[in-house]
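In case you want the letters, here they are:
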Amino acid sequence: MVWSALKRIFFQLDAEAVHHLSIRVLALLGKSSWSRSMVTFLGPRVSSGKKNPVRVPRMKNLNFQNRIGLAAGFDKNGEVLPILPAFGFGFAEIGTVTPRPQPGNPRPRLFRVPEKEILFNRMGFNNLGAELVALGLKRVRESGVLPPDFRVGVNLGKNKDTSAEESAQDYRLGARAFEGLVDYFVINVSSPNTPGLRSLQTVDALNPIVLGVNEEMRLWKNTPPLFLKLAPELTETQLKDLFSQGNRWGLSGWVLSNTLAGQHQGGSGGWSGKILTERSRELLKFARGHTDLGIISVGGIDSPEEANLRLELGADLVQVYSGWIFNGPYFPGRIAQTLN
Ligand SMILES: Cc1cc2nc3c(=O)[nH]c(=O)nc-3n(C[C@H](O)[C@H](O)[C@H](O)COP(=O)(O)O)c2cc1C
């Protein structure tokens, strides 16, 4: 009810302006223990049995507060982490983070199609850069506000002006900044909004990238699980090629998937939300038949039933972005209530 009314107002305003406002409000709510408790109190009750963390064997046996996470791209700089558990999230993926800060594409670059519950974006990896984001994450960790089993993944990308040949160094530098701070990494080679990025989704192009990140983590005390985030357009042959390398690369798994490339409002970008539900399910089914590694299923999860279905189809974890926007702030909590 309250959300429907608020949504009617928010959806009259520019999508990115509302996003920045939301980030400010969420960051503010995360600052005091009083407001964090209030937000938790007002949300759906998660019964005590379901408060127990889940162990995820395919993610190096890490415990997760629950299996529902915030997808990459909402909290690009890790500014709202402290409040996310209060809305019911069990983990969050921050980023995409690039080694150097960058402004992203010119505005307008984020659009909604409310009647279809889909979003379109061509943000272009706007972020503060790995060093600043890592510093922020360090502060959050040190403040002790995150529940011990609330996991934080970092999604890594390359700067727009880094050539394809030099991209391995960008992923490596990005990873370097997060030593000791991150629970899992995602190598993102599937955003449609960085020219040439998607062409890195081949075994040959990924070899130096994955090896570089692994080499960077070699001497770390704990090596976080490493995932690859792929595009929904990949063919079965392309997917099989990549899946067959997963073990050799030492990957923990796959994030399936990123946005669907397309055109809207005079420019190219990526579609997300309900438009992806069917495709994302199919990808998951195909992947589960061809890889034993972990799978984080994301794309068009629009109900607790859909989240549960993804887990039944073999996902280890699920994430939402668009579903959070269209179904309201306690959507993750409502999903968490229904998960085992
Ligand atoms: C505005 C916006 C920005 C996004 N930015 C990123 C990003 O920086 N990195 C990334 O890997 N995915 C990004 N995504 C993709 C989401 O993480 C997710 O894969 C996709 O939206 C599908 O999930 P959904 O249908 O629940 O939204 C973005 C999505 C949206 C809508």
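Every value quoted in this text rests on a predicted model; they were computed, and no experiment measured them.

A separate point is the overall build of the protein. Regarding its fold elements, the protein presents eleven helices and 14 strands. For 340 residues, the compact-globule estimate of 2.2 N^0.38 gives 20 Å, and the C-alpha radius of gyration of the protein, at 18 Å, lies within 12% of that figure. Viewed in the frame of its principal axes, the protein has a C-alpha envelope of about 50 × 45 × 40 Å. Here the protein, with 340 residues, has 58% of them falling under the buried criterion. Summarising the internal contacts of the protein: among those between residues at least 6 apart in sequence, 72% fall at separations of at least 24. Counting only carbon and sulfur atoms, one obtains 54% of the accessible surface of the protein, whose full area is about 14800 Å². Charge centroids of the protein, computed over 40 positive and 30 negative side chains, lie 5 Å from each other.

Around the ligand, the structure places 24 residues, and the nearest of them are Ala72, Thr96, Gly273, Gly300 and Ser322. In the environment of the ligand, an oxygen atom lies 3.1 Å from a nitrogen or oxygen atom belonging to the side chain of Asn188. A distance of 3.0 Å is found between an oxygen atom of the ligand and a backbone nitrogen or oxygen belonging to Tyr321. In the complex, the protein chains occlude 98% of the 610 Å² of accessible area that the ligand would expose alone. Elements with a contribution of two residues or more to the shell around the ligand: β4 (91-97), β6 (118-121) and β12 (267-273).

On to the nonpolar core. Counting residues in each nonpolar core, the largest one holds 92 residues, and the members touching the most others are Phe178, Phe185 and Trp324. The dominant element in this core, judged by the number of residues it contributes, is helix α6 (residues 203-217), at six residues. Of all hydrophobic cores here, the second largest spans five residues; its members include Phe111, Val113, Ile118 and Phe120.

Thresholds, definitions, all that
Residues numbered from 1 in each chain as written. Predicted model: local features only at pLDDT ≥ 70, side-chain atom pairs only at ≥ 80, totals over all residues. Heavy atoms only, no water. Helix = DSSP H or I, 4+ residues; strand = E, 2+ residues; numbered from the N terminus. Rg over C-alpha atoms; globule rule 2.2 N^0.38 Å. Buried < 20%, exposed > 50% of the residue type's maximum accessible area, 1.4 Å probe, protein only. Contact = heavy atoms within 4.5 Å. Areas by Shrake-Rupley, 256 points an atom, 1.4 Å probe, with all protein chains shown as cover. Lys, Arg positive; Asp, Glu negative; His and termini not counted. Charge placed at Lys NZ, Arg CZ, Asp CG, Glu CD. Near = heavy atom within 4 Å. Polar contact = N/O pair within 3.5 Å; in protein donor to acceptor, adjacent residues only side chain to side chain. Core = buried A, V, L, I, M, F, W, Y, C linked by side-chain atoms within 4.5 Å.

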